[in-house]
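Commentary on secondary and tertiary structure
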Amino acid sequence: MMEDIICAAVPAAPRYAIDWTLIEQTVMRPFVSDLKRTAQEPDFHGEGDVWTHTKMVCEELTAQPEFRSLARRQQEVVFLAALLHDVAKPRCSVLEDGVWHAPKHAPAGAKLAREYLWKECGLSGTPEAQAFREAICLLIRYHTTPLHTLQYSDAEARLRKLASNGALTPFFSLRLLHLLSTADMCGRICYDKQEVLEKVALSAEMAKESGCFDAPYPFPSDHTAHAYLSGRRIVPDAELYDETWGEVILMAGLPGTGKDTYIGEQFPSLPVVSLDGIRREKGISPTGDQSKVVSAARECAKALLRERQPFVWNATSLTPQLRQKQIRLFEDYGARVRIVYLETPWEENKRRNRNREHSVPEAVLEQMLSDLIPPERFEAQNVEWNCI
């Protein structure tokens, strides 16, 4: 099994020796050639190409006493995140005025890593695989955050926001994020190494002082947590009065994950606003312009919201941007929101999609997987990850 192979590549006690030949032939085989060819800005990466930097980061990580004291599963998560943390640099790197930049390589790398771990390594469709994969992807997505924490006016809230994801996967914490970021800073040749390491260390101290270094901040209620993490200026330790009148369920997941079946079993009495249903009613292809479909769905939702009627919004809702448009609407009408994200193993997902009466082309399904960003804990009052 590919998961066993990639985990076997993670160095172990007592020597923590890294077998780079094995890693190049297994975990990093799809990426290593491009990483070797990708240049970096010499002022910040005097070591040269991205693969050289990646190896240095991993060596620095495994030399850390803190890494060696981690539970084995945590070691696997943070080491694999270190291996994959810059996999998007080959596609993101640009030369501007003689200077190399790699804008947005961290979120792009998280998506690339997710697709690889999901499809090629079989890490999907079970709670353990889901939690393991997403912890790796969260570390990749946010690996540059500790370096910039102190420049934000809402730094404490940002740290608590990221830490909240520990409620969804027990393998993610700000401790691991700062450990990865420290290794990332150490694993390079640059003129400002001491300065950047101090910034990461100060970010870690702030996370400790903010009560979210090892676990999510203990808000008194989900409603208080969502209000605070959404940017409202409230005292996080004081329970906020919940003025919402009821709950809207926002479904999320690829086509073929079983959302219709799940809704029928879990919410049989609730009205359903289904984008697939509206497409069929209006004769609009899933690959065509969706503006009329979304507009019609939102009008249906508004009618239910005006009546203060709980309901289910049934759509793929694959990205934060798509989810937030609907969440803002639901919350503007005084509802609270629960996001229910579903996934199933990749081969089963494709089989179910093929067997659906209204299947989507497999190439479209593949593209949807590459776009997918599962919901993070701070996006709504309640967020669930489920495997069916």
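Before going into details, it helps to say that this report is about the structure given with it. (Residues numbered from 1 in each chain as written. Predicted model: local features only at pLDDT ≥ 70, side-chain atom pairs only at ≥ 80, totals over all residues. Heavy atoms only, no water.)

1. Some points on the packing of helix 4 (residues 50-63) against helix 6 (residues 72-84)
- At a minimum axis distance of 8 Å, the contact between helix 4 and helix 6 shows a crossing angle of 160°. Here helix 4 is positioned roughly antiparallel relative to helix 6, judged by the angle of their axes. Two packed elements cross with a definite hand, and for helix 4 against helix 6 that hand is right-handed. On helix 6, the residues touching Thr54, Val57, Cys58, Leu61 and Thr62 of helix 4 are Val78, Phe79, Ala82 and Leu83.
- Looking at the contact of helix 4 with helix 6 residue by residue, the classes come out as seven nonpolar, two polar and no charged. (Axes fitted to C-alpha atoms, helices over the stretch in contact; angles between N-to-C directions. Helix = DSSP H or I, 4+ residues; strand = E, 2+ residues; numbered from the N terminus. Parallel < 35°, antiparallel > 145°, perpendicular 65-115°, else oblique. Left-handed = near helix turned anticlockwise from the far one by under 90°. Contact = heavy atoms within 4.5 Å. Nonpolar A, V, L, I, M, F, W, Y, C, P; charged D, E, K, R; others polar.)

2. Digging into the pattern of salt bridges
- Counted by the stated rule, this structure contains 32 salt bridges.
- For the salt bridge of Glu134 with Arg114, the shortest nitrogen-to-oxygen distance reads 2.8 Å. Of this pair, Glu134 sits in helix 9 (residues 127-141) while Arg114 sits in helix 8 (residues 105-119), and the two are 20 residues apart along the sequence.
- Owing to a relative accessible area of 2%, Glu134 belongs among the buried residues under this scheme.
- The partner of Glu376 in a salt bridge is Arg141, and the shortest N-O contact between them spans 3.6 Å. You can see Glu376 sitting in the loop between helix 20 (362-371) and strand 7 (382-387) and its partner Arg141 sitting in helix 9, a full 235 residues away along the chain.
- Accessibility expressed as a relative area gives 5% for Glu376, which makes it buried. (Salt bridge = Lys/Arg side-chain N within 4 Å of Asp/Glu carboxyl O. Buried < 20%, exposed > 50% of the residue type's maximum accessible area, 1.4 Å probe, protein only.)

3. Notes on the layout of surface pockets
- Approximately 880 Å³ is the volume found for the largest pocket.
- Looking at the largest pocket, it is lined by 36 residues, and the ones nearest its centre are Asp276, Arg279, Ala315, Thr316 and Met368.
- At the level of elements, helix 15 (259-266), helix 16 (275-282), helix 17 (291-306), strand 5 (312-314), helix 18 (320-332) and helix 20 are the ones that each hand at least two residues to the lining of the largest pocket.
- In terms of residues, the lining of the largest pocket owes the most to one element, helix 16, which gives four residues.
- Taken together, the residues that form the lining of the largest pocket break down as 13 nonpolar, 13 polar and ten charged.
- Its boundaries defined by the atoms lining it, the second largest pocket holds a volume of some 720 Å³.
- Lining the second largest pocket we find 31 residues, and of these Phe44, His45, His105, Leu147 and Arg188 sit closest to its centre. (1 Å grid on protein atoms, 1.4 Å probe; cavity = no way out; pocket = protein on both sides within 12 Å on 5 of 7 lines; lining within 4 Å. Points joined across faces, edges and corners; volume = space filled by probe spheres on them.)

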